[in-house]
Amino acid sequence: MGKRLWRCHVCNDLHYGINPPEVCPTCGAKRAFMLIDHDEALRIIGPEGGEIATQETVIDVWRRFGEQSPEFKLTEKGEEVDLLSKGVLENRAIKGLKYCPCRIPTGDFQKDLNLICPCNFLRQNAYKETGECWCGLFVKRHKEVP
Ligand code: SF4
Ligand SMILES: [Zn+2]
C-alpha cells in the first residue's frame, strides 16, 4: 500500500504516510487522523502554505535542519551554500519542486520525491565514505581523520 494523505480532524494537521500517527504531533489528539484527498489537502494548505521561496529562507531552513542534528550540519562553505540554494530554487521554478541541484529527476514523480533537498543523504554511499552528501551541502559533524 502506498502513502496517502491524512488530516487531524481536531487541528487540521496534515500527514503523508502509509498510516497516520497514533497521536497528533500538534494538538495531541489520539486517533484523530482521517484519510483525505489531494484537493482537500491543497485547500487546507492554501496558496501560501508551506511556501519557502526565497534564497534566505531556504538557507535558514537548511541551517536549522543541521543545527538540530547531532550527526551532521550545513557546510561552512558559504559559496557552495549560495550556489546550491540557487540551484534548488531554479529547479523549483522549472520543475516544480526543490530538487537536488546535483542530480537529474527521472520524471517519475514518486521516485523523484527522493531527490527533494534535503534528501535522505545519510544512506548514500557517498556520505558514508566521504562524510558529505552528494553535493557537499551537509557534512558530518565529526569527520574522522584518516
Ligand atoms: S545530495 Fe545534498 S544537496 Fe543533494 S538533495 Fe541531498 S542533501 Fe540536498
Ligand atoms: Zn491535531
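The preceding data block contains the structure.
Bear in mind the structure is a predicted one, so any value in this text is a computation, not a measurement. (Residues numbered from 1 in each chain as written. Chains lettered and ligands numbered in written order. Predicted model: local features only at pLDDT ≥ 70, side-chain atom pairs only at ≥ 80, totals over all residues.)

### Here we look at the overall build of the protein
No. 1: A count of helical and extended segments in the protein gives five helices and five strands.
No. 2: The helix and strand sequence of the protein, counted from the amino end, reads β-β-β-α-α-β-α-α-α-β.
No. 3: Each principal axis of the C-alpha distribution contributes one length, and for the protein these read about 50 × 35 × 30 Å.
No. 4: The burial tally for the protein puts 17% of its 146 residues in the buried class.
No. 5: Looking at the protein alone, contacts between residues at least 24 apart form 40% of all its contacts between residues at least 6 apart. (Helix = DSSP H or I, 4+ residues; strand = E, 2+ residues; numbered from the N terminus. Buried ≥ 20, exposed ≤ 12 C-beta atoms within 10 Å, placed from the backbone. Contact = placed C-beta atoms within 7 Å.)

### With respect to the packing of helix H2 (residues 55-67) against helix H3 (residues 78-95)
The geometry of a pair of packed helices is captured by two quantities: the angle between their axes and the separation between those axes.
No. 1: Two elements in contact, H2 and H3, have axes separated by 10 Å at closest approach and are oriented at 115°. Regarding the angle of H2 to H3, the classification is roughly perpendicular. Like other packed secondary-structure pairs, H2 and H3 cross with a definite hand, here right-handed. Residues Gln55, Val58 and Ile59 of H2 form the contact with H3, whose own contacting residues are Val81, Ser85, Lys86, Val88 and Leu89.
No. 2: Residues belonging to the contact of H2 with H3 are distributed by class as follows: five nonpolar, two polar and one charged. (Axes fitted to C-alpha atoms, helices over the stretch in contact; angles between N-to-C directions. Parallel < 35°, antiparallel > 145°, perpendicular 65-115°, else oblique. Left-handed = near helix turned anticlockwise from the far one by under 90°. Nonpolar A, V, L, I, M, F, W, Y, C, P; charged D, E, K, R; others polar.)

### Notes on the sheet that holds strand S3 (residues 33-36)
No. 1: With antiparallel pairing, the three strands of this open sheet are ordered in space as S2-S1-S3. Of all the strands in the sheet, just strand S2 (14-17) and S3 have a single pairing partner and so form its edges. Across this sheet, the average inter-strand angle for adjacent strands is 35°, counted without regard to direction.
No. 2: With respect to the sheet, helix H1 (residues 38-45) is in contact with strand S1 (4-8), S2 and S3, its orientation differing from that of S1 by roughly 50°. (Pairing = 2+ DSSP bridges.)

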